[in-house]
Amino acid sequence: MQNQCDTSTVDMAQVAAIAARYKNEPDQLMRILLEIQSVCGNAIPREAATVISSVTGIPEVEIYGFITFYAMLSDKPRGQYIIRMCKSAPCHIVGAREVAQAICDCLGIAPGETTADGLFTLEFCECIGLCDTAPAIMINDAVYTNLTPQSAVSLIRAYQQGGVC
Amino acid sequence: MQETRIALRFVGQYDTACVNEYCALGGYSGLRKALAMDKNAIIQEVNASGLRGCGGAGFPVGRKWEMVAAAEGGNKFVVCNADEGEPATNKDRVIMAGDPHSLIEGMAIAGYVVGASKGYIYLRYEYPYIFPVLENAIRDARAAGFLGDHIFGSDFSFDISVVSGGGAYVCGEETALLESIEGKRGEPRFKPPYPGTSGLYGCPTLINNVESLVTIPPIVLNGGAWYESFGLGEHHGTKIFTLSGNLVNRGVFEFPRGTNLRQLIYEVGGGCPGGRQLQGVQTGGASGNIINANMIDIPLDIDDCSAAGATFGAGDIMVFDDSKDVLEIVENLMEFFSHESCGKCTPCREGNTRLLQLIRKIRNGEGTLADLDTLEDLSETMMDCSLCGLGQASPSPVVSTLRNFRNDYLSKIEGGLK
Ligand SMILES: Cc1cc2nc3c(=O)[nH]c(=O)nc-3n(C[C@H](O)[C@H](O)[C@H](O)COP(=O)(O)O)c2cc1C
Ligand code: SF4
Ligand code: FES
């Protein structure tokens, strides 16, 4: 889980099918890659990039250039749930740091790391547009606002117990 | 204080999954009226409204439309900037979640006026829950004949696609945004040429913010003078403000332009919670000026804010109380810019990192008086020499706090405070 994506479970035919949409929708490269990422365990592994390149005709190096530019795309393996903790100023001044610390302590990992069971990847992120209900975080596509260290820990516990999906 | 809701007029007033409810409120009658009007007459109304771009730069909307309408080129585009990445702004999210049809209607009117048949909404990745709202609304509008071929039986055809951002603040800059839609890294282009003459795929492209576009249908329906009249005194129309930070009531509110910042903070925001005192306000988002508590008697509009040493931006107001360390906030902001600089040009890529290092040095008690001069010199170079607005504006928190919170710097420097 550390350096290499486990590609044995990734269906390259599915990757190719999604990538094939590029031909008719060249303006949707981002969403195509995001979708591929979601079926590849929250990352775009080397093998998938090769497939994408051959299907779309975009050189592999350009695909990597694209992936590495955008924070939401990753070539490194990540957990099933990506926890994005906003650290921008409006969140920061109403207690985002304390919330982030509580989440790190609860999971026993630092931002940038993935839990040993592969369930959670923790990331700091910049403003997620919930400033008027800060502090805020996202867990995959779900948003959580007005957090306190206590409510953040309860939330993580609920995810750990499978109570949220 | 009573809000004046124009851009927010339909937010929460109808079920976004039901286009008929929007129509019952008068929805799409602005588009119907526009298609029977002369294009120049619409531009005249938009000019008369005094509407200035709501995404931060404040360029007059009617003038931009005029230029794109006049640009040579068969193929043109309308792009809605829904990237909303500026920390302390979340108004466009509220509009899109609560009233997607006004955005579609505004874009269609824009398309008719400038001569575009294709529109894009560039929506930031961080709003995944807005994608289905917009895409369902687009689908419903198409089914009802408000998008697609021969709208209202006219010879005008227009359709819209939603494109996703990828979590890069710089993609809010209009040319970086275009690069991103074209499937490239979001690095700003050199200007000129401006997007109005050479934008998406080299075609003339109109780029407007969400709030600018949703203000168009009521202007078309009621006239530019009607919209203009809502501003206080010499000011034109209204603006949405996002209130964040240490306030009792945070949120998104629409008021006449020219409304006083102090009133907004105390009468709408309710002041600082917990009996704390106001220490300062960052105006205009992360790249805006930070002012102190003595400076807040400002009529909120673009030119008044600049004249008073504040920043209007997209109407972003982040308040902090007297328990906060101003330099810690500045450090946080410079971390943001160091991280979000795209790296294409040196003043911004290197400059933000150096500013951050110097702020950290001073916070650690290792700063000297000479470092304050370096901060100022470096900031000036960045403002003058950076390629895009990110690097040009990112020193604002540093420059403004050096002016408005100078003692906070001096107190950390040996021999600073005499
Ligand atoms: C770094 C940077 C980020 C920006 N982010 C946004 C944004 O998120 N939304 C927006 O509408 N404009 C943003 N802008 C301003 C746009 O470049 C552009 O001026 C605006 O979208 C034009 O629309 P308007 O005239 O309707 O405001 C940004 C500018 C810069 C330099
Ligand atoms: S100013 Fe900054 S963000 Fe803009 S082009 Fe230069 S490096 Fe990139
Ligand atoms: S600053 Fe955290 S959501 Fe905007």
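Sequence order as written defines residue numbering, which begins from 1 separately in each chain. Written order determines the labels here, with chains lettered from A and ligands numbered from 1. At least 70 in pLDDT is required for a residue's local features to be given in this predicted model, at least 80 for side-chain atom pairs to be given and counted, and no such filter applies to totals for whole chains, interfaces and linings, which use all residues. Hydrogens are left out, water is left out, and the side-chain values use all remaining heavy atoms of the structure.

**Student:** Please clarify how the interface of chain B and chain A should be interpreted in this entry.
**Tutor:** Much of the literature gives interface size as the accessible area that the parts lose upon coming together. Contacts are residue-level and defined by heavy atoms, with any inter-residue pair within 4.5 Å sufficient. Every contact between the two is made by 54 residues of chain B and, on the other side, 36 residues of chain A. By buried area we mean the combined loss of accessible area, with a 1.4 Å probe, across both parts when two parts are placed together. Approximately 3400 Å² of surface area, both sides summed, lies buried where chain B meets chain A, with 55% of it carried by carbon and sulfur atoms. Contact with chain A buries surface across chain B, with B:Tyr125, B:Arg185 and B:Arg250 losing the most and accounting together for 18% of the total. Salt bridge, as used here, is a side-chain nitrogen of Lys or Arg placed within 4 Å of a carboxyl oxygen of Asp or Glu. The tally of links from chain B across to chain A stands at 4 salt bridges.

**Student:** Would you mind showing me how to read the domain arrangement of chain A here?
**Tutor:** Either an automatic procedure or a domain database provided the assignment from which the domain bounds are taken. Each domain of chain A was delimited in the assignment, giving domain 1 (7–69) and domain 2 (81–160). Between domain 1 of chain A and domain 2 of chain A, the C-alpha centre-to-centre distance is 28 Å.

**Student:** Even after reading the chapter, I still don't get unusual backbone geometry, so can you show me in this structure?
**Tutor:** Note: most residues except glycine have negative phi, and most peptide bonds are trans. All names here are of chain B. Following Lys191, the chain continues into Pro192 via a peptide bond in cis, with omega recorded as -5 degrees. The amide bond that connects Pro192 to the next residue, Pro193, takes the cis arrangement and shows omega of 5 degrees. Examined against the element boundaries, Pro193 turns out to sit in the loop between helix H8 (174–181) and strand E4 (205–209). Residues other than glycine seldom take positive phi values, yet Phe152 does so here, at roughly 50 degrees. Helix and strand assignments come from DSSP, with helices taken as H or I runs of at least 4 residues and strands as E runs of at least 2, each series counted from the N terminus. Turning to its location among the elements, Phe152 is positioned in the loop between helix H7 (130–143) and strand E3 (159–164).

**Student:** What should I look at first to understand the site of ligand 1 in this one?
**Tutor:** Residues and elements named next belong to chain B. Surrounding ligand 1, one finds 19 residues, the nearest of these being Gly55, Asn81, Asn208, Asn209 and Ser212. Between N or O atoms, a polar contact is any pair within 3.5 Å; within protein, one atom must be a potential hydrogen donor and the other a potential acceptor, and residues adjacent in sequence are included only when both atoms are from side chains. A distance of 2.9 Å separates an oxygen atom of ligand 1 from a polar atom in the side chain of Asn81. Between Glu84 and ligand 1, the recorded distance is 3.0 Å, taken from a backbone N or O atom to an oxygen atom. Every accessible area reported is derived by Shrake-Rupley at a probe size of 1.4 Å, with residue values counting cover from the shown protein chains alone. Calculation on ligand 1 without its partners gives an accessible area of 610 Å², and the protein chains cover 90% of this total. Those elements giving two or more residues to the shell around ligand 1 turn out to be E4 and helix H17 (389–393). Working definition: residue near molecule or strand if any one of its non-hydrogen atoms lies within 4 Å of it.

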